[in-house]
Amino acid sequence: MAVNRDTVLFRLRNAVAEGKPIIGAGAGTGLSAKCAEAGGVDLIIIYNSGRYRMAGRGSLAGLLPYGDANQIVVEMASEVLPVVKETPVLAGVCGTDPFRVMPVFLDQLKAMGFAGVQNFPTVGLYDGVFRENIEETGMGYELEVEMVRLAHQRGLVTAPYVFDEDQARAMAEAGADVLVPHVGLTTKGSIGAGTALTLDEAVERVQAMRDAAFAVRSDVLVLCHGGPIAEPDDAAYVLSRTEGVVGFFGASSVERLPTERAITQQVAAFKNLEI
């Protein structure tokens with residue numbers, strides 16, 4: 001259900017004023033979205049990695065050449081948007097896509113019923129020489145910043161991922177409403193990352209990105225995400241040790257990990273029956 005940007009932000013700020021965290025959830029299926037809404041989630045985000053994740057593949061599949069990321073989001077919309085009744089749904093947009101006229105594509109997403117956007121797939125997850133080459137050849141993170149700027153101009157809610165302080169400042173300047181400091185691929189479960197920051201390192205990184213954004217605009221809402229922040233207790237740890245971070249965005253954390261546990265345990269319970 002698409003709702004007005006001002007209405008969405010009013011609801012989010014009201015939640016914070018009442019002492020409640022803002023929770024965003026990635027959804028790879030209509031059922032995931034439906035259940036997240038039933039649990040009281042504030043934002044639902046759909047992007048190509050959700051489909052791969054719920055197909056049993058790692059989230060980074062969304063950054064590899066296995067499909068047209070922006071087209072996959074359009075396809076997922078027909079599964080998710082009809083079942084979500086009240087919660088704003090955001091589209092993960094590949095802002096570096098050279099085969100989309102981005103203003104036209106954003107208008108299309110808005111007309112479909114999306115309330116906003118997030119920059120995913122994102123080159124922010126690439127590093128090293130490969131990342132340098134991407135930036136040098138005109139496919140860099142700045143295109144994602146421009147996508148967020150264009151979305152903001154169209155009245156869409158913007159909730160971009162950022163990976164360092166410079167990106168946090170750039171996205172705040174572009175009009176980001178909700179900023180999501182990303183501290184790495186989520187750990188735990190059957191396809192979670194084995195390499196990650198510690199929770200204390202995540203606290204430092206998230207706080208640094210939040211402070212950089214606030215130096216530009218003090219009205220931006222900041223949610224933590226990724227790496228070792230995989231369970232509610234992890235999020236509570238980070239939120240209790242940071243200032244001005246008002247919630248958590250989970251993708252693997254809110255659909256893959258619970259699904260793995262629930263199905264595994266349910267099947268085991270049936271298998272343990274006696275005949």
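Heads up: the structure comes first, above all this text.
Residues numbered from 1 in each chain as written. Predicted model: local features only at pLDDT ≥ 70, side-chain atom pairs only at ≥ 80, totals over all residues. Heavy atoms only, no water.

Visitor: How would you summarise the sheet that holds strand S4 (residues 116-119) if you had to cite specific residues and measurements?
Guide: Across the sheet, nine strands lie side by side as S5-S4-S3-S2-S1-S9-S8-S7-S6; this open sheet has parallel pairing. Of all strands in the sheet, those with a lone pairing partner are strand S5 (157-158) and strand S6 (161-162), marking the two edges. The sheet contact formed by S6 and strand S7 (residues 178-181) spans two bridges and is parallel. Paired with Val 162 across the bridge in S7 is Pro 181. (Pairing = 2+ DSSP bridges. Helix = DSSP H or I, 4+ residues; strand = E, 2+ residues; numbered from the N terminus.)

Visitor: Which residues make up the environment of Gly 24, and what are the values?
Guide: Positionally, Gly 24 belongs in strand S1 (residues 22-26). Distance in space between the C-alpha atoms of Gly 24 and Phe 248 is 6.4 Å, their sequence separation being 224 residues. Discounting residues that sit within four places of it in the chain, Gly 24 has contacts with Val 41, Leu 43, Phe 248, Phe 249 and Gly 250. (Contact = heavy atoms within 4.5 Å.)

Visitor: So, unusual backbone geometry: which residues are in play, and what are the values?
Guide: In this model, Phe 120 is joined to Pro 121 through a cis peptide bond whose omega is 0°. When you line up the elements, Pro 121 lands in the loop between S4 and helix H6 (128-136).

Visitor: Help me get a handle on the pairing of strand S9 (residues 245-250), residues and values and all.
Guide: Of all six residues making up S9, six are buried, and the element is well covered by its neighbours. Of the strand pairs in this sheet, S1 and S9 are connected by four bridges, and their pairing is parallel. Across the sheet, the residue bridging to Ala 25 is Gly 250, located in S9. Sheet topology places strand S8 (residues 221-224) next to S9; three bridges connect them, and they run parallel. Residue pairing across strands places Val 222 opposite Val 245, the latter belonging to S9. Note that the unit made of S8, helix H10 (residues 232-241) and S9 has a crossover that is right-handed. (Buried < 20%, exposed > 50% of the residue type's maximum accessible area, 1.4 Å probe, protein only. Right-handed = clockwise from strand over helix to strand, strands pointing away.)

Visitor: How would you sum up empty space enclosed by the protein? Please name residues and give values.
Guide: Considering all chains together, one arrives at two cavities of 30 Å³ or more under this definition. There is about 140 Å³ of room inside the largest cavity. Lining the largest cavity are 16 residues, with Tyr 47, Ser 59, His 182, Leu 185 and His 225 positioned closest to its centre. In terms of residue class, the lining of the largest cavity is made up of eight nonpolar, seven polar and one charged. (1 Å grid on protein atoms, 1.4 Å probe; cavity = no way out; pocket = protein on both sides within 12 Å on 5 of 7 lines; lining within 4 Å. Points joined across faces, edges and corners; volume = space filled by probe spheres on them. Nonpolar A, V, L, I, M, F, W, Y, C, P; charged D, E, K, R; others polar.)

Visitor: Run through the environment of Ala 168, naming residues and quoting values.
Guide: Among the secondary structure elements, Ala 168 is positioned in helix H8 (residues 165-174). Residues Ala 168 and Ala 208 lie 40 residues apart in sequence; the distance between their C-alpha atoms is 9.2 Å. For Ala 168, the residues in contact, after removing those within four places along its chain, are Val 162, Leu 179, Met 209, Ala 212 and Ala 213.

Visitor: Give me the lowdown on the pattern of salt bridges, citing residues and values where you can.
Guide: Scanning the model with the defined rule gives 16 salt bridges in all. The salt bridge partner of Arg 13 is Asp 219, with a shortest N-O separation of 4.0 Å. Taken together, the residues span a long stretch of sequence, with Arg 13 in helix H1 (residues 5-17) and Asp 219 in the loop between helix H9 (199-216) and S8 at a distance of 206 residues. Look at Asp 219 and you get partly exposed, because its relative accessible area is 38%. The closest approach of N and O atoms between Glu 18 and Lys 20, which form a salt bridge, is 3.5 Å. You can call Lys 20 partly exposed: its relative accessible area is 48%. What emerges from the salt-bridge pattern is a single network uniting Arg 5, Asp 6 and Asp 177. (Salt bridge = Lys/Arg side-chain N within 4 Å of Asp/Glu carboxyl O.)

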